[in-house]
Each structure stands twice: as C-alpha cells, then as structure tokens.
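Descriptive analysis of the structure
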Amino acid sequence: MLIAAIRLAAVIALALLALGGTVRAQTGSIPLAGSLADPQAWAAYKARFVTEQGRVVDTGNGGISHSEGQGYGMLLAVAAGDRAAFERIWTWTRANLMVRDDQLIAWRWEPEKRPAVADMNDASDGDLLVAWALAEASEAWHDPSHKAAGRRIAVELGRKLILPRAAHGPLLLPAVSGFSAEDRGDGPVVNLSYWIFPAFDRVTLLAPEFDWAGLGRSGRRLIAAARFGQARLPVEWVSLSGEAPRPAEGFPPHFAYNALRIPLYLAMAGVSDPELYAPFLSLWGTPAAGSLGLVDTASGRITERLAETGYTAIPALAACVSQGTPFPAALRTVRASSEHYYPVTLHLLALAALKSRFPACAPR
C-alpha cells in the first residue's frame, strides 16, 4: 500500500510539473535513511571532510569543526546508510563537543588552540541537527541508545532554547547565552536559518512534550514577515523586541551565508508555498556558478557572489518546489574534491530532499 501511494504521488507531481505548477511534496514525517543515493559522492565527502576519528572539517573556515558540521555529517551518514561513519562522527562529537554541564553541545572546536573549545556556548542549530540525526539513526538501525541520547539533547533544547509563549509565536533562541530579552536590549534576537524545518517532525519522536509543530508555524510566519529592503530578504540576525521584526542591533543587515539555507530547509520539509520562496528566487533567478548573490539589505548592494557550484543546488531545488522547474542534470554531480565543506554539504542535502520529497523534478 505504501509503495502504491508513493507511486501515485509521483504521478500526480509529474502532471503538475507538465502544467508548470508547483510540485506537490511528499509530506509528513519522512525518514532520511536511503535518501542519499550516490555512494561515490558520499565516499568523496568522507575522504575530504571527515577524519578517521570522526571530526567533520570545515575546509573553508580554517579547518575548524562545529556542532553544525558534526550534525550535518551524522545526517548524511544516515542518508547514505553508512553506520560506521555515523558512529565515528557521533563518538567524536560526544568526546569533544559535549563538554558543557548540560546535554547541549559546544558550538566550535579549533584544532590549533588549547583548549580547543574556548567558548562554552552552544548553537541551537547544531543541537537540533545532532538530535535529529540521532532520531534518524535510532529508527534506521533500531538502536535505542541513539534515541535516548537524542532525547536528552532535544529535551534540553526545548527547556532552554524554545520560548513557547513569545509574542510572535514559539521562538528558537540561537544559543543559551546572548540572545534573549534578558541578554540584549533588542532581544529576543533570532536567526531564521536555525529553524531547521525538516527536523521538527522527527524530533517530535524524541521529545513530544514540546511544540515543534508550533515552532515550524512561527518560523514560516517570520520568514514571510522578516523581509527587509528592496530585495525583501531576511537578514542573518532579527530582533523581535517590537511588534514587527527588524534587523538586530550590532550586526550587519545582510542576507548572507546563514540565511541562504532558509529555502533549503523549507524544501527539505516539503513546504511548497511559492510566496515563501519568491524573494530568494527573485534575487537568484536561475544562477550559474559564480552568480549566487548575497545582499546588504539596507543598500541593496550585492556583497558577494558565491563561486562554488554546490550553492546553486539551493535555488534549483527552490525552483523545483515552488515553480515545478526541473532540477538541472548538471547539478547531479557533486564536486566534493574541489569545493569546500559548506557548499558540498548543502548540495548533498538538496539532493537528498530531491529524492525523498520531490522526485518529479529529478532529471531523467
């Protein structure tokens, strides 16, 4: 019955694609396992970015590691069905980043410094990615220890980082310290790229006592509301101290490296509302390598154009989701040997979403 339903969904999506409409996603809580179907791409990723000890190396950022990268690595290992790699990455994460006096994860590890963890603050996106990966691993490999570990992180995240009754709806603070109304005059301050929408359905399996679905709804509302300048794009850091979102004090009003993940996470969750994707696609159009722009929302100036092709998988996926545009065949090739950790990671996540949520867009 399940296989028949999936095939029917794909047929319907193909019909919509032919009519030029939005492609309907497979919705709901979808397991990640098996969604990364290119073993060569995963092997190249491991060879370039994952050490034998399980440290995921950010090659574009001085070779550091961070909770976000460890979480991405764990997720991709589950998606590729590589339990040995998953266990290595999780073991390194536990030993080197879970050094706080709670169950959250120190956000940054620097190989050239001692101590390697100089800042004990966490990052909620890293916490969420690791908890999500543990939920996926528990389901894929029937390991209750991973579910227990994921629950410990998810509960701590829910207790310390979710504001359940904020004026704008449930909010996700970026970290335990530094972003609340008690910490800042313009607080709470949030980063909308920390709303990892595909994680919310899955961490509900770990900690159902928290309103993950409400967090997803508030995130979508904020993405629609936090549009600044002529480009109508979200900035990295958003103050929610007033009735309307505004750029947070002390941060450049830029749509930059963090925020470019917002349409990726929407698509990974099966969200297909064209209005949510419109500002991003208006900026990017159908970009070729080297033309993916980042923007100063105050001036409208392009601050940088990203040269690596991995980034272009995000607008390609967004165009598939919201406009029914076929995903380019050229973006099936992942350049793990020549591009940096961040664009290659985003590229692999986009391909996993394409396979699991939007197969009608895939090149044939």
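Our subject is the structure that appears above.
What counts, and where the lines are drawn
For every chain, the first residue of the written sequence is number 1, and numbering continues from 1 onward in sequence order. Reporting of local features is limited, given that this is a predicted model, to residues whose pLDDT is at least 70; pairs of side-chain atoms are given and counted only at 80 or more, and all residues count toward the totals for whole chains, interfaces and linings. Only hydrogens and water are set aside when side-chain values are computed; all heavy atoms of the structure are taken into account. Secondary structure elements follow DSSP: runs of H or I no shorter than four residues count as helices, runs of E no shorter than two count as strands, and numbering proceeds from the N terminus. Only protein chains enter the area calculation, which uses a 1.4 Å probe; residues under 20% of their type maximum are buried, those over 50% are exposed, and those in between are partly exposed. Only heavy atoms matter for contacts: two residues are in contact if any of them lie within 4.5 Å across the pair. What qualifies as a polar contact is a pair of N or O atoms within 3.5 Å, subject to a donor-acceptor requirement within protein and to the restriction that residues adjacent in sequence count only when both atoms come from side chains. Cysteine sulfur pairs qualify as disulfides if the two atoms are within 2.5 Å. We call two strands paired when DSSP finds no fewer than two bridges between them. One fewer than the residue count of a helix, multiplied by 1.5 Å, yields its expected span. When a carboxyl oxygen of Asp or Glu is within 4 Å of a side-chain nitrogen of Lys or Arg, the pair counts as a salt bridge. As used in this record, nonpolar core signifies buried Ala, Val, Leu, Ile, Met, Phe, Trp, Tyr and Cys residues forming a set joined through side-chain atoms within 4.5 Å. Stacked, edge-to-face and tilted are the three classes for Phe, Tyr and Trp ring pairs, Trp counted by its six-membered ring, which pair at centre distances within 6.5 Å; planes under 30 degrees apart are stacked, over 60 edge-to-face, the rest tilted.

Focus on the environment of serine 239
By secondary structure assignment, the location of serine 239 is in strand 6 (residues 238–239). What makes serine 239 buried here is its relative accessible area of 0%. Residues serine 239 and proline 252, spaced 13 residues apart in sequence, show a C-alpha to C-alpha distance of 13 Å. Apart from residues no more than four positions distant in its own chain, serine 239 is found in contact with Asp186, Pro188, Val189, Ala244, Pro245, Arg246, Pro247 and Ala248. In terms of polar contacts, serine 239 uses its side chain to reach the backbone carbonyl oxygen of aspartate 186, at 2.7 Å.

Some remarks on the state of the cysteines
Under the definition given, this model contains 1 disulfide. Residue pairing for cysteine 320: its cysteine sulfur links by disulfide to cysteine 361, the two sulfurs lying 2.1 Å apart. In this structure the cystine formed by cysteine 320 and cysteine 361 twists about its S-S bond by roughly 95°; its chirality is therefore right-handed. With cysteine 320 in helix 11 (residues 313–323) and cysteine 361 in the segment after helix 12 (341–357), this pair connects stretches of sequence that are 41 residues apart. On the accessibility criterion, cysteine 320 (0% relative accessible area) is buried. Cysteine 361 gets classed as buried once you look at its relative accessible area, which sits at 1%.

Points about the pairing of strand 9 (residues 292–296)
Burial analysis of strand 9 places 5 of its 5 residues in the buried class, which makes it a mostly covered element. Here strand 9 shows no split at all, with Leu292, Leu294 and Asp296 on one side and Gly293 and Val295 on the other all buried. Where strand 9 lies against strand 10 (residues 302–306), 4 bridges are found, and the strand directions are antiparallel. Within strand 10, the position partnered with leucine 294 by the bridge is glutamate 304. The hairpin turn running from strand 9 into strand 10, its antiparallel successor, is 5 residues long, and glycine 300 in that turn takes a positive phi close to 80°.

Quick look at helix 8 (residues 212–225)
The terminal C-alpha atoms of helix 8, which comprises 14 residues, lie 20 Å apart, in line with the 20 Å expected from a rise of 1.5 Å per residue. Within the sequence span of helix 8, burial applies to Trp212, Gly214, Leu215, Gly216, Ser218, Gly219, Leu222 and Ile223.

A few points about the pattern of salt bridges
Evaluated as defined, the whole model comprises 18 salt bridges. A salt bridge links lysine 160 to aspartate 102; the nearest nitrogen and oxygen atoms lie 2.9 Å apart. Remark: aspartate 102 occurs in the loop between helix 4 (83–96) and strand 2 (108–109) and lysine 160 occurs in helix 6 (residues 144–161); sequence separation between them is 58 residues. Judged by its relative accessible area of 10%, aspartate 102 is buried. Taking the shortest distance from any N to any O, the salt bridge between glutamate 139 and arginine 202 comes out at 2.9 Å. Note that glutamate 139 is positioned in helix 5 (residues 124–141) and arginine 202 in helix 7 (residues 197–203), a separation of 63 residues in sequence. Taking relative accessible area as the criterion, glutamate 139 reaches 36% and is therefore assigned partly exposed. According to the relative accessible area criterion, arginine 202 is buried, its value standing at 3%. Here the residues in one salt-bridge network are Arg100, Asp102, Glu156, Arg159 and Lys160, joined through shared partners.

Here we look at the nonpolar core
Within the largest apolar cluster, 120 residues are counted, with the highest numbers of intra-cluster contacts made by Tyr45, Phe86, Trp195, Trp212, Leu260 and Leu317. Beyond its immediate chain neighbours, meaning those up to four positions away, leucine 260 contacts Phe255, Trp284, Leu294, Leu306, Tyr311, Ile314, Tyr342 and Leu346.

Looking at the packing of aromatic side chains
The tally for this structure, following the rule as stated, stands at 15 aromatic pairs. Ring centres 5.6 Å apart and planes at 20° place the aromatic pair tryptophan 42 and tyrosine 45 in the stacked group. Of this pair, tryptophan 42 and tyrosine 45 both sit in helix 2 (residues 39–49), 3 residues apart, which is roughly one turn of that helix. Note on accessibility: tryptophan 42 and tyrosine 45 belong to one class, buried. Here phenylalanine 179 and tryptophan 237 contribute two aromatic rings whose centre-to-centre distance is 5.3 Å and whose plane-to-plane angle is 15°, an arrangement assigned as stacked. Residue phenylalanine 179 is found in the loop between strand 4 (171–172) and strand 5 (189–190), and its partner tryptophan 237 is found in the loop between helix 8 and strand 6; the two are separated by 58 residues along the sequence. Since its relative accessible area comes to 14%, phenylalanine 179 is described here as buried.

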